[in-house]
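Observations on the three-dimensional arrangement
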Amino acid sequence: MTGQQRRLAANRVAPAEVEHLPMCPLWLCRRCGQPWPCGAAKLALLAEYREEPVSLFLYLAGCLHDAIDDLHRLNPSVTGSAADMFDRFLGWPARHTRAYRVSTTTAANIEEASS
């Protein structure tokens, strides 16, 4: 077998890994089966949107909207509370994105200035 034949055979045998993307309308991870965004998807999203946190929030807000529609259509009683859905899609990046953290000294300075 030539080098080119080995490369072609290897490409057929080893398919590309499935990324941690949502499987709609269930909103489960295609790779691990956990509710999306799973832990690996969150890490990948934080890395991808590292320099654009607002874009991350906009993307996830769109996903939240679609997930609420899809999950409610499938089974309205299992969709979950609005707070749970919000935390699943938008709550976690706020805890991990520096751009949206307010330090206590900044909050104290704002309070003092407004007094």
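Preceding this paragraph is the structure being described.
Residues numbered from 1 in each chain as written. Predicted model: local features only at pLDDT ≥ 70, side-chain atom pairs only at ≥ 80, totals over all residues. Heavy atoms only, no water.

**Some thoughts on the overall build of the protein chain**
Summing up its helical and strand segments, the protein chain has five helices and two strands in all. Order of helices (α) and strands (β) in the protein chain, N terminus to C terminus: α-β-β-α-α-α-α. Taken over 115 residues, the protein chain has a buried fraction of 23%. Surface exposure of the protein chain reaches about 8,400 Å², of which carbon and sulfur atoms provide 57%. (Helix = DSSP H or I, 4+ residues; strand = E, 2+ residues; numbered from the N terminus. Buried < 20%, exposed > 50% of the residue type's maximum accessible area, 1.4 Å probe, protein only. Areas by Shrake-Rupley, 256 points an atom, 1.4 Å probe, with all protein chains shown as cover.)

**Here's the deal with the nonpolar core**
Counting 18 residues, the largest nonpolar core has Trp27, Trp36, Leu45, Leu60 and Phe89 as the members making the most contacts within it. Broken down by secondary-structure element, the contributors of at least two residues to this core are helix 2 (39-48), helix 3 (53-74) and helix 4 (82-96). If one sorts the elements of this core by residue count, helix 3 sits on top with seven residues. For Phe89, the residues in contact, after removing those within four places along its chain, are Trp27, Trp36, Pro37, Leu60, Cys63, Leu64 and Ala67. (Core = buried A, V, L, I, M, F, W, Y, C linked by side-chain atoms within 4.5 Å. Contact = heavy atoms within 4.5 Å.)

**Some points on the pattern of salt bridges**
Going through the model one piece at a time under the given rule, you end up with three salt bridges. In this structure, Arg50 engages Glu51 in a salt bridge whose closest nitrogen and oxygen atoms are separated by 4.0 Å. Arg50 gets classed as exposed once you look at its relative accessible area, which sits at 59%. Using a relative accessible area of 68% as the deciding quantity, one classes Glu51 as exposed. A salt bridge links Asp70 to Arg73; the shortest N-O distance between them is 3.4 Å. On the criterion of helical spacing, the pair formed by Asp70 and Arg73 is a turn pair, its members being three residues apart in helix 3. A relative accessible area of 61% places Arg73 in the exposed class. (Salt bridge = Lys/Arg side-chain N within 4 Å of Asp/Glu carboxyl O.)

**Remarks on unusual backbone geometry**
Negative phi values dominate among residues other than glycine, just as trans dominates among peptide bonds. Cys24 connects to Pro25 through a cis peptide bond whose omega is 10°. Located in the positive-phi region is Trp27, a residue other than glycine, with phi close to 55°. Mapped onto the fold, Trp27 is located in the loop between strand 1 (22-23) and strand 2 (28-29). Taking the relative accessible area as the measure of exposure, Trp27 reaches 3% and is therefore buried.

**Some details on the packing of helix 3 against helix 4**
Two measures define how a pair of helices packs: the angle their axes make with one another and the distance between the axes. Two elements in contact, helix 3 and helix 4, have axes whose closest approach is 9 Å; the angle formed by their N-to-C orientations is 170°. Classified by the angle between their axes, helix 3 and helix 4 sit roughly antiparallel to one another. Counting all contacts with helix 3, which are made through Leu56, Phe57, Leu60, Ala61, Cys63, Leu64, Ala67, Ile68 and Leu71, the residues of helix 4 involved are Met85, Phe86, Arg88, Phe89, Leu90, Trp92, Pro93 and Ala94. For the contact of helix 3 with helix 4, a count of residues per class yields 16 nonpolar, no polar and one charged. (Axes fitted to C-alpha atoms, helices over the stretch in contact; angles between N-to-C directions. Parallel < 35°, antiparallel > 145°, perpendicular 65-115°, else oblique. Nonpolar A, V, L, I, M, F, W, Y, C, P; charged D, E, K, R; others polar.)

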